Amino acid sequence: MNISFFSNQYMVRRMNKADVADIYLLCSKNSLYYRYCPPFVTKQSILDDMNALPPNKEMADKYYIGYYKEEELIAVMDFIMAYPDKKTAFIGFFMTAVSIQNMGIGSGIIDDLCCYLTDIGLSYVRLGWVKGNLQAEHFWHKNRFIETGITYDTDNYTVTVAQRVL
């Protein structure tokens, strides 16, 4: 898969250990997200997320990516190809810089991604948001994600699973 096709407007590249400080800077400014999804981000939690996989997936299926406007990191996404099935992609995490929120940029990134996934033959994109986080719920509803009826509990919160038909 060519991740450069994930966006028509921004440069997209895989993130690695050298990018952790930039990712931390972007994420740490979004205190609202971590109010609903504790614990608060750390450099170690970013490294852990870079290597986290769902059951029966391999690192070849994982894309921990950054979106850049010129030299500035404006968004981060943890993306799993063909999960939970071959026709579905999974967004495990998506966050835009606080400075660009409410400008349509995040929605544009999601639309570009969905167009590309349609072009390569996928049928769905799935993700979850923390129940009660109305900002996240509104964003994903605006981007045509619908609750599946599936929820699951973690130690700290309940996740609502949603998906978008491509």
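Residues numbered from 1 in each chain as written. Predicted model: local features only at pLDDT ≥ 70, side-chain atom pairs only at ≥ 80, totals over all residues. Heavy atoms only, no water.

**Observations concerning the overall build of the chain**
And then number 1: Each helix and strand in the chain was counted, giving five helices and seven strands.
And then number 2: When the elements of the chain are put in sequence order from the N terminus, they spell out β-α-α-α-β-β-β-α-β-α-β-β.
And then number 3: Dimensions of the chain, computed from C-alpha atoms along their principal axes, come out at roughly 35 × 35 × 35 Å.
And then number 4: The 166 residues of the chain split such that 45% are buried.
And then number 5: For the chain, the exposed surface amounts to about 9,000 Å²; the carbon and sulfur share of it is 51%.
And then number 6: Once the 16 positive and 18 negative side-chain charges of the chain are each reduced to a mean point, those two points are 1 Å apart. (Helix = DSSP H or I, 4+ residues; strand = E, 2+ residues; numbered from the N terminus. Buried < 20%, exposed > 50% of the residue type's maximum accessible area, 1.4 Å probe, protein only. Areas by Shrake-Rupley, 256 points an atom, 1.4 Å probe, with all protein chains shown as cover. Lys, Arg positive; Asp, Glu negative; His and termini not counted. Charge placed at Lys NZ, Arg CZ, Asp CG, Glu CD.)

**So, the packing of helix 1 (residues 20-28) against helix 3 (residues 43-51)**
And then number 1: Put simply, helix 1 and helix 3 touch, their axes get as near as 9 Å, and they point 110 degrees apart. In terms of orientation, helix 1 lies roughly perpendicular with respect to helix 3. You can see that helix 1 and helix 3 cross each other, and the crossing is right-handed. Side by side, helix 1 and helix 3 meet where Val20, Ala21, Ile23 and Tyr24 of the first sit next to Lys43, Ile46, Leu47 and Met50 of the second.
And then number 2: Among the residues making up the contact of helix 1 with helix 3, the classes are represented as seven nonpolar, no polar and one charged. (Axes fitted to C-alpha atoms, helices over the stretch in contact; angles between N-to-C directions. Parallel < 35°, antiparallel > 145°, perpendicular 65-115°, else oblique. Left-handed = near helix turned anticlockwise from the far one by under 90°. Contact = heavy atoms within 4.5 Å. Nonpolar A, V, L, I, M, F, W, Y, C, P; charged D, E, K, R; others polar.)

**Digging into the packing of helix 4 (residues 105-119) against helix 5 (residues 134-142)**
And then number 1: For the pair helix 4 and helix 5, interaxial distance at closest approach is 10 Å and the crossing angle is 45 degrees. By the angle class used here, helix 4 and helix 5 are oblique. In terms of crossing hand, the pair formed by helix 4 and helix 5 is right-handed. Contacts from Gly106, Ser107 and Ile110 of helix 4 reach helix 5 at Phe139, Trp140 and Lys142.
And then number 2: Residue composition of the contact of helix 4 with helix 5, grouped by class: three nonpolar, two polar and one charged.

**Description of the pattern of salt bridges**
And then number 1: Across all of its chains, the model carries five salt bridges by this definition.
And then number 2: Residues Lys57 and Asp61 are paired through a salt bridge, measuring 3.3 Å at the closest nitrogen-oxygen approach.
And then number 3: Here Asp78 makes a salt bridge to Lys62, at a shortest N to O gap of 2.8 Å. Of this pair, Asp78 sits in strand 3 (residues 72-80) while Lys62 sits in strand 2 (residues 62-69), and the two are 16 residues apart along the sequence. Just as Asp78 is buried, Lys62 falls in that class too.
And then number 4: Several salt bridges converge on common partners, so that one network encompasses Asp111, Arg144 and Arg164. (Salt bridge = Lys/Arg side-chain N within 4 Å of Asp/Glu carboxyl O.)

**Looking at unusual backbone geometry**
It is generally the case that most residues other than glycine have a negative phi and that most peptide bonds are trans.
And then number 1: Residue Pro39 follows Pro38 across a cis peptide bond; omega there is 0 degrees.
And then number 2: For Pro39, the location among the structural elements is in the loop between helix 2 (31-36) and helix 3.
And then number 3: Here the residue pair Tyr83 and Pro84 is connected by a cis peptide bond, since its omega of 5 degrees sits within 30 degrees of zero.
And then number 4: By the secondary structure assignment, Pro84 is in the loop between strand 3 and strand 4 (88-96).
And then number 5: Unusually for a residue other than glycine, Glu70 sits at a positive phi of about 60 degrees.
And then number 6: Residue classification places Glu70 among the exposed residues on the basis of a relative accessible area of 72%.
And then number 7: Despite not being glycine, Ala82 has its phi angle at roughly 55 degrees, a positive value.
And then number 8: Here Ala82 shows up in the loop between strand 3 and strand 4.

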